[in-house]
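# Residue-level structure breakdown
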Amino acid sequence: MREVYNNDSISSPRTMTRPGSGHAPSTHSMPHYIRNLPFLRLFVPFVWAIALMYTKIIASTRVRVNFHYTKRPLVKLKTTVNKYLSLRTSKLHYDLKSLVNALVQLFVVAKCFIYKIGKWICARRGSGVKKSRMLLLLYMGGFNRYSEGRLDNDLHIGGIFPMEGEGGWQGGQACMPAAELALADVNARSDLLSGFKLLLHSNDSKCEPGLGASVMYNLLYNPPQKLLLLAGCSTVCTTVAEAAKMWNLMVLCYGASSPALSDRARFPTLFRTHPSATVHNPTRIKLMQKFGWSRIAILQQAEEVFISTVDDLEAHCKKSGIEIVTRQSFLSDPSDAVRNLRRQDARVIVGLFYVVAARRVLCEVYKHRLYGKSYVWFFIGWYEDNWFETNLEREGIDCTVEQMREAAEGHLTTEALMWNQNANQTTISGMTSEDFRSRLNEALREAGYDIDGERFPEGYQEAPLAYDAVWAVALAFNKTMEKLEKNGLSLKNFTYTNKKIADDIYEAINSTSFLGVSGLVAFSSQGDRIALTQIEQLSNNHYVKLGYYDTQADNLTWLDKEQWVGGKVPPDRTVVVNELRTVSLPLFACMTALCIAGILAAIGLIVFNTMHMHRRVIQWSHPACNTVMLCGCCVCLGAAIALGIDGRWVTPQHYTGLCAARAWLLAIGFSMAYGAMFTKVWRVHRHTTKPKTETKKRVHGWKLYTMVGGLLVVDFVLLTAWQLRDPLQRRVETFPLEAPRHHDDDVHIRPELEHCESEHNTIWLGVMYGYKGLVLVFGLFLAYETRSVKIRQINDSRYVGMSIYNVVVLCLITAPVTLVIASQQDAAFAFVSLAIVFCCFLSMALIFIPKVIEVIRHPTERAESGRGSGSGSTPADEERYRELVKENEELQKLIAQKEERIRVLKQKLAEREAAADVTQGTGGGGGGGGVLADLATATSDYGTSTNYTRSSRASVSDLDFSESYL
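None of these values were measured; they are calculated from a predicted model.

Cut-offs and rules
As a convention, each chain's residues are numbered from 1 in the sequence order in which they are written. It should be noted that, the model being predicted, local features are given only for residues of pLDDT at least 70 and side-chain atom pairs only at 80 or more, the latter also being counted only at that level, while totals for whole chains, interfaces and linings use all residues. Side-chain calculation: all heavy atoms of the structure are included, whereas hydrogens and water are not. A run of H or I in DSSP counts as a helix once it spans at least four residues, and a run of E counts as a strand once it spans at least two, with each numbered from the N terminus. Each residue gets one of three labels from its accessible area relative to the maximum for its type: buried under 20%, exposed over 50%, partly exposed in between, using a 1.4 Å probe on protein chains only. Only the protein chains shown count as covering a residue, and every accessible area follows the Shrake-Rupley method with a 1.4 Å probe. By disulfide we mean two sulfur atoms from cysteines, separated by a distance within 2.5 Å. The salt bridge definition used is simple: a Lys or Arg side-chain nitrogen within 4 Å of an Asp or Glu carboxyl oxygen. Two strands make a pair as long as DSSP finds a minimum of two bridges between them. In protein, a polar contact requires one atom able to donate a hydrogen and another able to accept it; more generally it is a pair of N or O atoms within 3.5 Å, and residues adjacent in sequence count only if both atoms are side-chain atoms. To get an axis, fit a line to the C-alpha atoms, keeping to the stretch in contact for a helix; angles then go from 0 to 180 degrees between the N-to-C directions. Working definition: roughly parallel below 35 degrees, roughly antiparallel above 145 degrees, roughly perpendicular at 65 to 115 degrees, and oblique for all remaining angles. Crossing chirality is assigned from the near helix's rotation relative to the far helix, an anticlockwise turn below a right angle marking it left-handed and a clockwise turn marking it right-handed. Whether two residues are in contact is decided by their heavy atoms: any pair within 4.5 Å suffices. Residues are sorted three ways: Asp, Glu, Lys and Arg are charged, Ala, Val, Leu, Ile, Met, Phe, Trp, Tyr, Cys and Pro are nonpolar, and all the rest, Gly among them, are polar. The nonpolar core is taken to be a set of buried Ala, Val, Leu, Ile, Met, Phe, Trp, Tyr and Cys residues, with the residues joined through side-chain atoms within 4.5 Å. By this rule, a helix spans an expected 1.5 Å times one less than how many residues it contains. Directions are taken from the helix axis to each C-beta atom, and the arc is the one they span.

Let's shift gears to the overall build of the chain. Counting its secondary structure elements, the chain contains 28 helices and 18 strands. Within the chain, buried positions represent 48% of all 966 residues. Taken as a whole, the chain presents about 46,900 Å² of accessible surface, with 57% of it coming from carbon and sulfur.

Moving on, we come to the state of the cysteines. Summed over all chains, the structure comprises three disulfides. Disulfide partner of Cys207: Cys233, at an S-S distance of 1.9 Å. Given an S-S torsion of about 60 degrees, the disulfide between Cys207 and Cys233 has right-handed geometry. Separated by 26 residues along the polypeptide, Cys207 in the loop between β2 (197-204) and α7 (209-221) and Cys233 in the loop between β3 (228-232) and α8 (234-244) bring together distant segments of the chain. Of the two residues examined, Cys207 and Cys233, each falls in the buried class.

Under the defined criterion, the tally for this structure stands at 26 salt bridges. Two residues, Asp185 and Arg439, come together in a salt bridge whose shortest N-O distance is 2.9 Å. Taken together, the residues Asp185 in helix α6 (residues 172-187) and Arg439 in helix α14 (residues 433-446) connect sequence positions 254 residues apart. With its nearest N and O atoms 3.1 Å apart, the salt bridge here joins Glu314 to Arg327. Taken together, the residues Glu314 in helix α10 (residues 304-320) and Arg327 in strand β7 (residues 323-330) connect sequence positions 13 residues apart. Taken together, the shared-partner salt bridges in this structure form one network comprising Lys483, Lys500, Asp504 and Glu507.

Another point: the pairing of strand β15 (residues 555-558). Across four bridges, the pairing between strand β14 (residues 542-550) and β15 is antiparallel. In the strand pairing of β15, Asp550 is matched with Asn555. Linking two consecutive strands that pair antiparallel, namely β14 and β15, is a turn of four residues; a positive phi of about 50 degrees is found at Asp554 within it.

Following the sequence through the fold, Ser518 ends up in the loop between β11 (513-516) and β12 (519-522). Separated by 2.4 Å, the side chains of Ser518 and Asp468 make a polar contact.

The sheet built from three strands is open, its strands ordered β16-β18-β17 with mixed pairing. Here the strands that pair on one side only, and so sit at the sheet edges, are β16 (575-580) and β17 (729-734). Pairwise comparison of adjacent strand axes, ignoring direction, gives a mean angle of 35 degrees for this sheet. Note that β16 and strand β18 (residues 747-757) share six bridges and pair parallel. Across the sheet, residue Val575 finds its bridge partner in β18, namely Val747.

As a further point, take the packing of helix α19 (residues 623-644) against helix α25 (residues 825-857). Where α19 contacts α25, the two axes come as close as 10 Å, and the packing angle between them is 160 degrees. Accordingly, the angle class assigned to the pair α19 and α25 is roughly antiparallel. Considering how the two elements wind past one another, α19 and α25 form a crossing that is left-handed. In contact with Asn626, Met629, Leu630, Cys633, Cys636, Leu637, Ala640, Leu643 and Gly644 of α19, α25 contributes Phe829, Val832, Ser833, Ile836, Val837, Cys840, Met844, Ile847, Phe848 and Lys851. Its residues placed into classes, the contact of α19 with α25 shows 15 nonpolar, three polar and one charged.

Turning our eyes to something else, we now look at the sheet that holds strand β6 (residues 295-301). Spatial ordering of the open sheet is given by β7-β6-β8-β9-β10-β13-β14-β15, a layout of eight strands whose pairing is mixed. The sheet terminates laterally at β7 and β15, the two strands that pair on one side only. Taken over all neighbouring pairs, the strand axes of this sheet differ in orientation by 25 degrees on average, direction set aside. As paired strands, strand β10 (residues 412-416) and strand β13 (residues 533-539) are joined by five bridges and run antiparallel to one another. Paired with Glu415 across the bridge in β13 is Gln534. Contacts from helix α9 (residues 280-290) reach β6, β8 (348-352), β9 (376-380), β10, β13, β14 and β15, with the element oriented near 145 degrees to β10. Helix-sheet contacts for helix α11 (residues 335-343) involve β6, β7, β8 and β9, and the interaxial angle to β7 is about 160 degrees.

The subject of this paragraph is the nonpolar core. Leu198, Leu299, Phe436 and Phe477 are the most contacted members of the largest nonpolar core, which totals 144 residues. Looking at this core element by element, the count peaks at 15 residues for helix α15 (residues 463-485).

Here Thr480 lies in helix α15. A relative accessible area of 1% means that Thr480 is categorised as buried. Those residues in contact with Thr480, other than ones at most four positions away along the chain, are Leu491, Asp504, Ile505 and Ala508.

Structurally, Thr390 can be placed in the loop between β9 and α13 (401-408). In this structure the C-alpha to C-alpha distance between Thr390 and Val356, which are 34 residues apart in sequence, comes to 9.9 Å. Filtering out sequence-adjacent residues up to four positions away, Thr390 remains in contact with Arg359 and Arg455. A polar contact is formed between the side chain of Thr390 and the side chain of Arg359, at a distance of 3.4 Å.

With 14 residues, α14 should cover 20 Å at 1.5 Å per step; its first-to-last C-alpha distance of 20 Å lies within 8% of that length. Within α14, the full set of buried residues consists of Ser433, Phe436, Leu440, Asn441, Ala443 and Leu444. What you see down the axis of α14 is that its buried residues fit within an arc of 165 degrees, all on one side. Contacts made by the buried residues of α14 are with α6 and α15. The first or second residue beyond α14 is Gly448, which carries a positive phi of 100 degrees.

Right, here's the structure in full:
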């Protein structure tokens with residue numbers, strides 16, 4: 001069972017050892033029961049008291065004695081006696097110690113009792129007993145000093161060491177043995193402290209501020225008087241340093257890195273050999289800049305030291321343009337905080353917590369898979385080298401050693417240099433840093449630590465700081481004593497109200513500078529240690545030094561020994577690759593081939609239309625309108641190809657021009673192709689609604705061209721206004737992140753799709769769709785109204801109407817569907833381009849295939865009367881054709897009349913022949929002759945009409961051509 005040392009036990013100053021370690025005290029120190037046995041020292045103070053009394057009496061000087069009475073002597077006597085009688089230990093050493101303590105307390109009680117009696121006698125008998133009282137007081141006063149274990153050549157300092165606890169930093173386990181070594185080395189030097197001896201009184205704070213304050217008060221309110229306090233653990237140092245100024249006590253912290261301790265107004269008497277945690281922040285920023293990390297996360301324990309460190313880190317990040325994506329804190333359980341880091345996609349994480357919490361964090365890191373080639377962790381560098389492997393079962397961490405090693409692999413640490421890097425350089429103590437390491441390891445082995453198995457106690461990295469802290473105190477006291485001797489004073493004159501000596505001690509510590517085992521020891525104006533920063537990385541379960549950083553000189557010394565999991569520097573965020581969605585290349589190739597085939601077909605039909613323009617089958621279909629329609633189809637097919645051209649082929653700078661080209665090509669091509677068909681059907685409708693006298697008039701070609709031209713003018717006006725007022729620009733649509741194609745790649749895909757849009761795109765599209773929609777609907781109406789009309793002036797009106805049906809239906813379907821599927825580039829392109837190709841191919845097929853077939857069937861037309869087959873159509877021919885049609889109608893009427901008359905005459909003839917058979921031989925033949933005369937007359941008339949018809953100017957070819965279209 002561990003015995004707790006209490007300052008109330010009035011144990012004399014000693015060279016401290018770890019309680020329960022079982023090893024013997026230092027050989028140079030006297031056993032406790034010998035040093036506290038008063039009987040061995042009674043003779044010396046007695047003689048000293050007699051001599052001093054004689055001298056004072058001769059000089060007639062009043063003697064003033066400070067007895068330093070121990071508080072609660074009866075309580076202490078009772079405690080020590082009970083402890084001795086309880087016999088809780090079987091060790092003779094502690095039995096004798098308890099016995100001696102009981103006797104000492106008995107003498108103290110007796111001293112107080114005698115003092116009270118002497119005071120009462122003096123009050124009753126006057127000055128006659130002054131000499132007796134003086135002798136008694138001097139004797140008891142001298143004994144009191146020895147009973148308290150103090151000598152006049154002892155300088156006392158207090159020590160607060162965090163030894164045991166469940167949280168925080170228990171660095172006293174290694175720092176206290178280091179301080180013991182320093183005390184032995186300092187007291188062995190004859191050139192220090194002028195014969196005085198430095199003694200240390202200490203107790204355990206467990207890194208708890210409340211307990212640390214209690215230890216401090218016990219040190220202050222129990223003699224002997226302390227000249228300075230040593231403390232460790234930032235939370236304890238904060239409490240102690242803030243209170244110590246009330247007693248004019250300097251506080252020297254060997255293990256406190258809180259940036260809050262740099263506040264001179266709040267901590268005016270604080271110094272520390274441990275560099276401030278803020279010295280790590282410039283180093284972290286330098287590393288982030290070196291590896292190109294501009295996005296980090298912070299995970300901290302809810303302690304003041306880490307809160308103030310993070311505040312300083314945020315200021316540095318803001319100054320350097322580094323984004324802090326999240327700042328998570330926890331008190332004891334880091335599971336939720338680590339889970340939030342994963343949700344925020346944190347990749348570079350700075351962790352600030354004590355080592356006990358660090359083990360819990362690392363286990364959660366393993367559970368949430370926040371390690372490996374995609375993550376970088378910054379840990380504090382003053383943990384032990386094997387911190388992630390020790391105390392797992394004792395602290396209830398449900399991760400194995402192998403899992404902890406896997407999660408810790410590759411993390412970075414930053415720490416101020418706590419060991420002199422020049423292993424062969426002799427320090428002020430006469431040792432090198434390696435000599436000190438050897439002595440410290442030996443002391444820790446005696447304390448029961450497995451140093452050979454690399455099982456170092458907590459605080460091993462800070463042990464040189466504790467060693468140098470004792471040396472800094474000794475050097476400061478030595479400098480102060482030299483200054484006080486000039487004024488006839490000494491450090492023994494220091495009291496908790498003596499600000500003058502306190503200021504001298506402050507100046508001495510502030511100006512202290514020496515080479516210690518931790519390097520050059522010097523203090524800034526804020527009392528902070530000035531030191532370089534070391535950067536290490538855990539690689540293959542061992543820490544490898546990567547470099548050093550000098551904050552003051554802004555100099556990074558890099559050794560190029562870093563090794564990253566996966567062989568490359570981890571990114572500071574999920575690597576998002578912006579991938580442009582483009583039209584599928586096979587789809588684009590197929591549609592381009594179809595469009596080119598359509599363009600070639602249209603060009604071929606234009607040639608066919610031009611070569612056979614003299615043929616009536618071409619003439620009476622308005623070949624000029626057909627040519628315009630074919631040109632419009634070529635333009636529309638070109639627009640379809642332009643719709644498939646995207647960022648694969650065009651740079652963003654030229655994409656605006658592509659957007660304008662698409663709009664102009666599609667609008668103009670539609671107006672030309674559909675406008676030509678619309679003009680034809682409109683002329684057919686006009687022909688059926690006009691009087692017959694007007695229908696006989698010739699349709700002039702310029703009227704057809706005017707309508708197509710009007711549609712083109714409207715397009716030109718709208719497109720020009722759109723282009724000048726609100727031009728189409730390249731707009732990029734982004735989509736949610738997609739998983740990488742290869743699981744080994746630490747990237748995510750952010751798809752992007754290019755669109756041609758303007759600021760008021762909806763308005764302009766509404767105007768264009770409204771205008772084109774009216775033309776489509778009106779054309780559909782005209783085609784429906786003239787569905788059964790045939791006129792010779794436009795011989796392909798029925799096919800034109802069918803083409804209009806198809807165009808209108810496809811356009812009415814394509815326009816809204818395209819708006820819906822605009823985010824699907826392949827579907828949108830395929831739908832629009834197929835609609836364009838289908839409209840163009842169908843229109844060309846319906847209008848031109850009958851003509852091609854007719855030309856193929858009849859390579860040469862039959863000759864007209866008086867004209868060769870190659871003669872073209874003239875106004876005279878058209879007029880002659882109309883006259884022939886009129887004559888043909890009149891002749892048909894005349895023939896019908898003659899045929900009716902012949903039928904009647906034949907009937908009469910048959911009746912007369914029947915009557916003649918009855919009256920044969922009686923002279924009835926005369927009637928028959930009359931009938932025959934009438935029949936001859938009718939026959940003569942019919943022959944005349946026939947001869948008239950044959951002799952007319954209409955040729956057989958003209959009649960056949962007319963009948964074929966009527």
